[in-house]
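Residues per chain, in single letters:
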Amino acid sequence: MINFLLDFFTILFYTMLDVLPIILLIVFFQLLVLKQPIPHLKRVLLGGIYVVLGLALFLMGLEKALFPIGEIMANQLASPSFLGLEDNASANWTDYYWIYIFAASIGFSTTIAEPSLIAVAIKAKQVSAGTISVNGLRITVAIGVAFALALGTFRIITGLPLYLFILVGYIVVIIQTIFAPKDLIALAYDSGGVTTSTVTVPLVTALGLELSGVVPGSNPAIDGFGLIAFASLFPIISVLGYSQFMFLKNKMSHIKK
Amino acid sequence: MLIKTNIQLFFKKIKTAFLDLLPIILVIVFFQAVVIQQTFPQIGEVLAGVLLVVFGLMLFIEGLEMGLFPIGEAMAYALAKKGSLFWLLLFAFALGFSTTIAEPALLAIAKEAAKISSEAGLINSDAETLKSYALGLRISVAISVGFAILIGVLRILKGWPLYYLIIGGYVIVMLMTIIAPQEIIGLAYDAGGVTTSTITVPLVTALGVGLANVIKGRSPLLDGFGLIAFASLLPMIFVMGYGLFWFK
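Since the model is a prediction, treat every value here as computed from it, not as a measurement.

### Notes on the overall build of chain A
Helix and strand counts for chain A stand at eleven helices and zero strands. Starting at the N terminus and walking to the C terminus, you meet the elements of chain A as α-α-α-α-α-α-α-α-α-α-α. A principal-axis box enclosing the C-alpha atoms of chain A has dimensions of 65 × 60 × 25 Å. By residue count, 52% of the 257 residues in chain A fall in the buried class. In chain A, once contacts between residues fewer than 6 apart in sequence are set aside, the share between residues at least 24 apart is 82%.

In structure tokens, the structure reads:
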């Protein structure tokens, strides 16, 4: 218990330092530049205390839950005994199919429930005057992220260079940008950031790092990262692709009429 | 009566926080029970940790919505209206920097990055080096997000087309990839997605939409977006620069 409290207060202290820049920002601009008192000061202060406490608790839980879950899953799903390998037999990339399925399930399930994606989808519907449907977009992006994470784990297992995948992804985005409806481009670019939530990032990062540690011939320092990069690139491709498709479909039905 | 509604509200928030985590929990329980069929190691500790994560995130977001978001939005709007370019740009930079330093996902990934780099023998493994490596990483990402928001605000003011800047950014990312040490590339690419989660997105979106509202001939729906896109691009470039500094 004493250790727990000691841990908690150390983390709490560092969390206060982390939040300090925001406090300075508010005080400086509100009082010195805008020259106005801070509105609802009591509420703002109470909110600040919540933020610091919540962040400290989250960081403690991170070490006890999110990192271990990612590591344990990678260890169990990639262990030679789970893969059913004989002694000394080396695994083929196809033997790791449960890893791909797991990564895809995590990607799909977290994305479909992501509140900020729902917000983006509603805005996309407004901008496109109803051509894009909220649920259609959500499912498309969720499938995109599922595919992204499966592909990301495949890359870690095979040790193929990350930049090649990202380069191809960028080229796809640039080509899509040329043809996509102009009104939706900014929204699509922004959607890359919305799928990587605070809970998913640590879990997926730990999964990738541990996986690169377990798989023979893979180096955590070089191969371990990159899953988040995939998960940020594919929503852009899915949103651009989906809106392109819906606009074309819309056009076709007009022509038919 | 007041206490009763407060308690009801509290349980409602806990429920929402759990519902957000539910998809992950379901997937993991399914894999443990059906696919792996082993008992989960350290189950008690992990469950306690999950509770801390749920409760912590709930408090964190509640605090943001009570204090930071309303005041941040009001300030962004007031500064956009004030019309002083210098203060507006300084605010944009400071907003990007300070919200990124407090971003929980970045804290998590910086810690893992320091651990992995020391295990690979790229940096010393004493606690002091680990700490300064992780802090340095967070500061470079925060500076890059600061610049990203500043450039994004300039774009809204000047009406530059977004895709030119994004494509230019992609080209720089690729050029940096050629000269950066290979141990930093994965982390750098990941840093792009990490910066844009809990705190930064709502405040930065508010700034963009506020600006587009104030400036004549700009539509908040069209011109207000695009700030997040920069905030995912510039960190990649800056973290690769950070890697050049540490590993070479």
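More follows now that the structure is in view.
### Side note on the interface of chain B and chain A
Counting from both sides, the interface comprises 85 residues of chain B and, opposite them, 83 residues of chain A. Mapped by element, the contributors of at least two residues to the side of chain B that touches chain A are α1 (2-36), α2 (43-82), α3 (85-101), α4 (104-119), α6 (162-179), α7 (182-194), α9 (220-223) and α10 (227-247) of chain B. With 22 residues, α2 of chain B is the single largest residue contributor to the side of chain B that touches chain A. Split by residue class, the side of chain B that touches chain A holds 59 nonpolar, 19 polar and seven charged.

### Thoughts on the packing of α3 of chain B against helix α8 (residues 200-214) of chain B
All names here are of chain B. The contact between α3 and α8 brings their axes to 10 Å, and the two run at 170 degrees. One finds that α3 runs roughly antiparallel with respect to α8. As α3 packs across α8, the resulting crossing turns out to be right-handed. Side by side, α3 and α8 meet where Ala92, Leu95, Thr99 and Thr100 of the first sit next to Thr200, Leu203, Val204 and Leu207 of the second. When the residues that make up the contact of α3 with α8 are grouped by side-chain class, the tally is five nonpolar, three polar and no charged.

The rules behind the values
- Residues numbered from 1 in each chain as written.
- Chains lettered and ligands numbered in written order.
- Predicted model: local features only at pLDDT ≥ 70, side-chain atom pairs only at ≥ 80, totals over all residues.
- Helix = DSSP H or I, 4+ residues; strand = E, 2+ residues; numbered from the N terminus.
- Buried ≥ 20, exposed ≤ 12 C-beta atoms within 10 Å, placed from the backbone.
- Contact = placed C-beta atoms within 7 Å.
- Nonpolar A, V, L, I, M, F, W, Y, C, P; charged D, E, K, R; others polar.
- Axes fitted to C-alpha atoms, helices over the stretch in contact; angles between N-to-C directions.
- Parallel < 35°, antiparallel > 145°, perpendicular 65-115°, else oblique.
- Left-handed = near helix turned anticlockwise from the far one by under 90°.

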